[in-house]
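What the coordinates show
If you want the building blocks of each chain, they are given just below.
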Amino acid sequence: MNAINALPLLGRLKRKPDSHKGDYGKVLIIGGAAGMVGAPLLSGQAALHSGAGWVVIAFLSTNAPAVMQAQPEMMLRHVETIDFGDINPDVIAIGPGMGTSEQAKALLAQVFLMDVPLVIDADALNLLAADYALIGLLQKRKAPSVLTPHPGEAGRLLQLSNQAIQADRIASINALVKMTKAICVLKGSGSLVASPEHAPEICSAGNPGMATAGMGDVLTGVIAALIGQGVRNSLNVWDATRLAVLLHAMAADSLVNKGIGPIGLTALEVAYEVRQLVNHYAENASSTDTDGLAFLLDSP
Ligand SMILES: NC(=O)C1=CN([C@@H]2O[C@H](COP(=O)(O)OP(=O)(O)OC[C@H]3O[C@@H](n4cnc5c(N)ncnc54)[C@H](OP(=O)(O)O)[C@@H]3O)[C@@H](O)[C@H]2O)[C@@H](O)CC1
Ligand SMILES: Nc1ncnc2c1ncn2[C@@H]1O[C@H](COP(=O)(O)OP(=O)(O)O)[C@@H](O)[C@H]1O
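Residues numbered from 1 in each chain as written. Chains lettered and ligands numbered in written order. Predicted model: local features only at pLDDT ≥ 70, side-chain atom pairs only at ≥ 80, totals over all residues. Heavy atoms only, no water.

**Re the pairing of strand 4 (residues 75–78)**
To keep it simple, the criterion reads: In this scheme, a residue with accessible area under 20% of its type's maximum is buried, one over 50% is exposed, and one in between is partly exposed, where area comes from a 1.4 Å probe on protein chains only. A helix here means a DSSP run of H or I that spans at least four residues, while a strand means a run of E at least two residues long, and both kinds are numbered starting from the N terminus. By the convention used here, strands pair only if DSSP detects at least 2 bridges between them.
On strand 4, burial follows the alternation: Leu76 and His78 on one face are buried, whereas Met75 and Arg77 on the facing-out side are not. Where strand 3 (residues 54–59) meets strand 4, four bridges bridge the pair, whose relative direction is parallel. Across the sheet, Val56 pairs through a bridge with Met75, a residue of strand 4.

Pasting the structure below:
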């Protein structure tokens, strides 16, 4: 199986002098029911630090903050006050902390009908697993969809135990792709990425410091940010997704190499480190091919 090795493509995201925020994508994140407002905030912060031009979070909780003091760049709304058409996002990430209420289910069905790339995570995956009609809507989508299950969520989708998922991860991701007709990321040690057009690729980076709450929410934000930047910068959704998976894991490795973790590594620290890596590879695209290969060959 091939390792993900797409770092030179980040050269396409190098900032052009006369560009503006619209050139780097509007990311809309839907999630954050009561008690889990932090999840979409983490996705939003990760999206911002990975280069999204614009981040809006639509919370389901009516008690969510109106502004995040530490990150006032993000626009925070209640989902019922939002007209998705008015926002006109380049990409929607749905699921972090969303819960599985009837409201959440209706929102998922609504975004499935939109002609916008989707990142489908966490409770959006749990809703999908519980309702075959939603899988039918997903399969019929024209715009690309990216699913990011961890083994527990993959098990719910495939009606298998997470032990069975882990016992044959390649068969599991192939079954997920077949079921959803979408780009799938099977998270965990050695994350896999596959799509109906692409055989599974493995992420050779990453470490157990990433086994901490919120790390998947950050990945969702990184994927959404790269998809959003890709719209006007010739990076397709498949490449954006596999790059995001690799950068997220490389960022965690980079922090551990500096002595930050693995114990006590936090998801937000990884989002900040992704920023360093994106800039490095965007600026040094011509040399990244060999850098990237060297990195991957050095990794376990
Ligand atoms: N700050 C916030 O607001 C945060 C809010 N969050 C929100 O919480 C909600 C619930 O999401 P969740 O992922 O915590 O619970 P859930 O889907 O039941 O998964 C647990 C099951 O999956 C399994 N499993 C997982 N990983 C595995 C692996 N690598 N390898 C193998 N197995 C693995 C695990 O296995 P076990 O522990 O049994 O071995 C267990 O069975 C969701 O909305 C999310 O967005 C979080 O994002 C955190 C930050
Ligand atoms: N032992 C590990 N080795 C490598 N990566 C890991 C490990 N544990 C977790 N990860 C990564 O961390 C992230 C965890 O995501 P997830 O379980 O969805 O977290 P959360 O729901 O708390 O946000 C995934 O990207 C996964 O691949």
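**Regarding the UniProt feature "binding site: (6S)-NADPHX" (unreviewed entry) in the protein**
We apply this condition: UniProt positions are given in the numbering used here, feature names are shortened, and annotations may be inferred rather than shown by experiment. In this description, contact between two residues means that some pair of their heavy atoms is separated by no more than 4.5 Å.
The UniProt record marks Ala39, Gly97, His150 and Asp217 with the feature "binding site: (6S)-NADPHX" (unreviewed entry), using the residue numbering of this structure. Looking at where Ala39 falls in the secondary structure, it is placed in helix 1 (residues 38–49). Apart from the residues lying within four places of it in its own chain, the contact partners of Ala39 are Pro96, Gly97 and Asp217. Within the secondary structure, Gly97 is located in the loop between strand 5 (91–94) and helix 3 (102–112). The buried category is assigned to Gly97, whose relative accessible area is 7%. Setting aside its immediate chain neighbours within four residues, Gly97 contacts Gly31, Gly32, Ala33, Met36, Ala39 and Asp123.

**Details of the environment of Leu158**
Within the secondary structure layout, Leu158 lies in helix 6 (residues 151–158). Residues Leu158 and Ile173 lie 15 residues apart in sequence; the distance between their C-alpha atoms is 9.9 Å. Every residue in contact with Leu158, bar those within four places of it in the chain, is listed here: Ile165, Ser172, Ala175, Leu176 and Met179.

**Observations concerning helix 6**
Counted residue by residue, helix 6 has seven buried out of eight residues, so it is predominantly covered. For helix 6, the elements touching its buried residues are helix 4 (122–129), helix 5 (132–140), strand 7 (145–147), helix 7 (162–167), helix 8 (169–180) and strand 8 (183–186). Phi turns positive, to about 55°, at Gln159, one or two residues after helix 6.

**Some thoughts on the site of ligand 1**
Keep this limit in mind: We call a residue near a given molecule or strand whenever any one of its heavy atoms falls within 4 Å of it. The definition of a polar contact used here is a pair of N or O atoms within 3.5 Å, where within protein one atom must be able to donate a hydrogen and the other to accept one, and adjacent residues in sequence count solely through side-chain atom pairs. In short, Shrake-Rupley with a 1.4 Å probe defines the accessible areas, and a residue's cover is counted only from the protein chains shown. Put simply, Ala, Val, Leu, Ile, Met, Phe, Trp, Tyr, Cys and Pro go in the nonpolar bin, Asp, Glu, Lys and Arg in the charged bin, and everything else, Gly too, in the polar bin.
Near ligand 1 lie 17 residues; those nearest to it are Gly97, Asp123, His150, Arg156 and Asp217. Between ligand 1 and the protein, one listed contact pairs an oxygen atom with a side-chain N or O atom of Asn162 at 3.0 Å. A distance of 2.7 Å separates an oxygen atom of ligand 1 from a polar side-chain atom of Asp217. Here ligand 1 has 930 Å² of accessible area as a free molecule, and 53% of this is covered by the chains. Counting only elements with at least two residues in the shell around ligand 1, the list comes to helix 1, helix 4, helix 6 and helix 7. In terms of residue count, the dominant contributor to the shell around ligand 1 is helix 6 (four residues). For the shell around ligand 1, the residue count by class is six nonpolar, seven polar and four charged.

**So, the UniProt feature "binding site: AMP" (unreviewed entry) in the protein**
UniProt records the feature "binding site: AMP" (unreviewed entry) at Lys187, Gly188, Ser189, Gly190, Ser191 and Gly216, using the numbering of this structure. Spanning 30 residues, the named residues nonetheless gather at one spot, since no C-alpha pair among them exceeds 14.0 Å. Within the secondary structure, Ser189 sits in the loop between strand 8 and strand 9 (192–195). Counting through the fold element by element, Ser191 comes out in the loop between strand 8 and strand 9. Judged by relative accessible area, which is 11%, Ser191 ranks as buried. Setting aside its immediate chain neighbours within four residues, Ser191 contacts Arg169, Leu186, Glu201, Ile202, Cys203 and Val245.

**Looking at helix 8**
Inclusion rule: What a helix should span is 1.5 Å times the count of its residues minus one. Throughout, the arc means the angular range of directions from the helix axis out to the C-beta atoms.
Across its twelve residues, helix 8 extends 16 Å between first and last C-alpha, which sits within 8% of the 16 Å expected from 1.5 Å per residue. All of the buried residues in helix 8 are Arg169, Ser172, Ile173, Leu176, Val177, Met179 and Thr180. On an axial view of helix 8, the arc spanned by its buried residues comes to 165°, and they lie on one face. Phi for Lys181, located one or two positions after helix 8, is positive at around 55°.

**Some details on the environment of Leu118**
Tracing the chain through its elements places Leu118 in strand 6 (residues 118–120). Distance in space between the C-alpha atoms of Leu118 and Ile92 is 5.0 Å, their sequence separation being 26 residues. In this view, Leu118 contacts Ile92, Val111, Phe112, Arg141, Pro144, Ser145 and Val146; residues no more than four positions away in its chain are not counted.

**Quick notes on the pairing of strand 10 (residues 198–202)**
Two faces make up the sheet, and in a regular strand the side chains alternate between them. Examined bridge by bridge, strand 1 (residues 2–3) and strand 10 share two bridges and lie parallel to one another. Bridging across to strand 10, Asn2 finds its partner in Glu201. Both strand 9 and strand 10 contribute to a ladder of three bridges, which runs antiparallel. Bridging across to strand 10, Val193 finds its partner in Glu201. Between strand 9 and the antiparallel strand that follows it, strand 10, lie two residues.

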